[in-house]
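If you want the building blocks of each chain, they are given just below.
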Amino acid sequence: MTDRHRGPDRGGRDAPDASAALGAGAALFNERRFLAARDAWNRGRRSAGDDRGDDERLFRALAATAAATHRAADGDYDGAAAEADDAAAALGGVADARDVALAPVREWAERLAADPGGADPASAPRIRVDGEAPTGDGLSLAAAGVAAPALATAGEPGDAETLATAAAFAREERGTGRTEFAELLFAYLRTPDARPQVAARLGDHVDREERKRRDVDGLF
């Protein structure tokens, strides 16, 4: 059994940078992975901690919008309406939107709240940040480190904690000339058909790296 709690940068995994969580959630939502987008935005919300300011309200609104869209797609119209009501209420209190185009999101949440059965999830707006609509192909390494575990949490192949640890190792690779963790992390995001194989390789790499670290620790 691996000692995952001793992986690197645990604090960074538990509370990701808000910009990374925002971009990851937007990319997942734009690719119609609504449940994974909700998870990514909830991670961003947790990074706000006890702060009930604009960041917390923004992430709460986005996560509720994703949840409402997912519920509507599943035919849970009462649940979709309730989540959409929460999203619309939270959006009303956001002053600083981190350059997210909120008008289409607000309109979509209000539409879901009013008639979830008549709102086709396929017509959900694309989330735009700084004028761009992110996708998995254009994510930063930090955002990819949020998106990959969110996909696993939403049911894609792989273990979310293992992917989070791989993302932390990928961040440590920067400037060392090594890129194996980063390359596999991006492959997980960009090649859905190969996710089972990539997830397995990432798991092997994480296990090997953690064994190396335990061996080094045992020398001292």
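Residues numbered from 1 in each chain as written. Predicted model: local features only at pLDDT ≥ 70, side-chain atom pairs only at ≥ 80, totals over all residues. Heavy atoms only, no water.

### Details of the confidence of the model for the chain
Logical step 1: Looking at the chain as a whole, the pLDDT averages 89, with 88% of positions reaching at least 70.
Logical step 2: Long-range and interchain partners of residues 1–7, a stretch whose pLDDT sits below 50, account for 18 contacts in this model, where long-range means more than four residues apart. (pLDDT = per-residue confidence, 0-100. Contact = heavy atoms within 4.5 Å.)

### Digging into the pattern of salt bridges
Logical step 1: Scanning the entire structure with this criterion turns up 14 salt bridges.
Logical step 2: The residue E156 makes a salt bridge to R33 at a minimum N-O spacing of 3.2 Å. Remark: R33 occurs in the loop between helix 2 (18–30) and helix 3 (34–47) and E156 occurs in the loop between helix 7 (141–153) and helix 8 (160–173); sequence separation between them is 123 residues.
Logical step 3: The exposure class assigned to R33 is partly exposed, which follows from its relative accessible area of 26%.
Logical step 4: Between E209 and R213 there is a salt bridge; the shortest N-O distance is 3.1 Å. With E209 and R213 both in helix 10 (residues 195–218), this residue pair falls four residues apart, about one helical turn.
Logical step 5: With a relative accessible area of 9%, E209 lands in the buried category. (Salt bridge = Lys/Arg side-chain N within 4 Å of Asp/Glu carboxyl O. Helix = DSSP H or I, 4+ residues; strand = E, 2+ residues; numbered from the N terminus. Buried < 20%, exposed > 50% of the residue type's maximum accessible area, 1.4 Å probe, protein only.)

### Some details on the packing of helix 2 against helix 3
Logical step 1: The N-to-C vectors of helix 2 and helix 3 enclose an angle of 165°; their axes lie 8 Å apart at closest approach. The angle between the axes of helix 2 and helix 3 places the two elements in the roughly antiparallel class. With respect to the hand of their crossing, helix 2 and helix 3 are arranged in left-handed fashion. Residues A18, A21, L22, A24, G25, A26, L28 and F29 of helix 2 touch helix 3, and the partners they reach there are F34, A36, A37, A40, W41, G44 and S47.
Logical step 2: Within the contact of helix 2 with helix 3, the residues separate by chemical class into 12 nonpolar, three polar and no charged. (Axes fitted to C-alpha atoms, helices over the stretch in contact; angles between N-to-C directions. Parallel < 35°, antiparallel > 145°, perpendicular 65-115°, else oblique. Left-handed = near helix turned anticlockwise from the far one by under 90°. Nonpolar A, V, L, I, M, F, W, Y, C, P; charged D, E, K, R; others polar.)

### Considering unusual backbone geometry
Logical step 1: Even without glycine at this site, R98 takes up a positive phi of about 55°.
Logical step 2: Despite not being glycine, D130 has its phi angle at roughly 55°, a positive value.
Logical step 3: Along the chain, the position of D130 falls in the loop between helix 6 (102–114) and helix 7.
Logical step 4: Classification of D130 as exposed rests on a relative accessible area of 55%.

### Side note on a negative patch on the surface
Logical step 1: On the surface, D96, D99, D130 and E132 cluster together to form a negatively charged patch.
Logical step 2: Mapped onto the elements of the fold, D99 is located in the loop between helix 5 (77–91) and helix 6. (Patch = residues over 30% accessible without salt bridge, like charges linked within 9 Å, V, L, I, M, F, W, Y side chains within 5 Å. Areas by Shrake-Rupley, 256 points an atom, 1.4 Å probe, with all protein chains shown as cover. Lys, Arg positive; Asp, Glu negative; His and termini not counted. Charge placed at Lys NZ, Arg CZ, Asp CG, Glu CD.)

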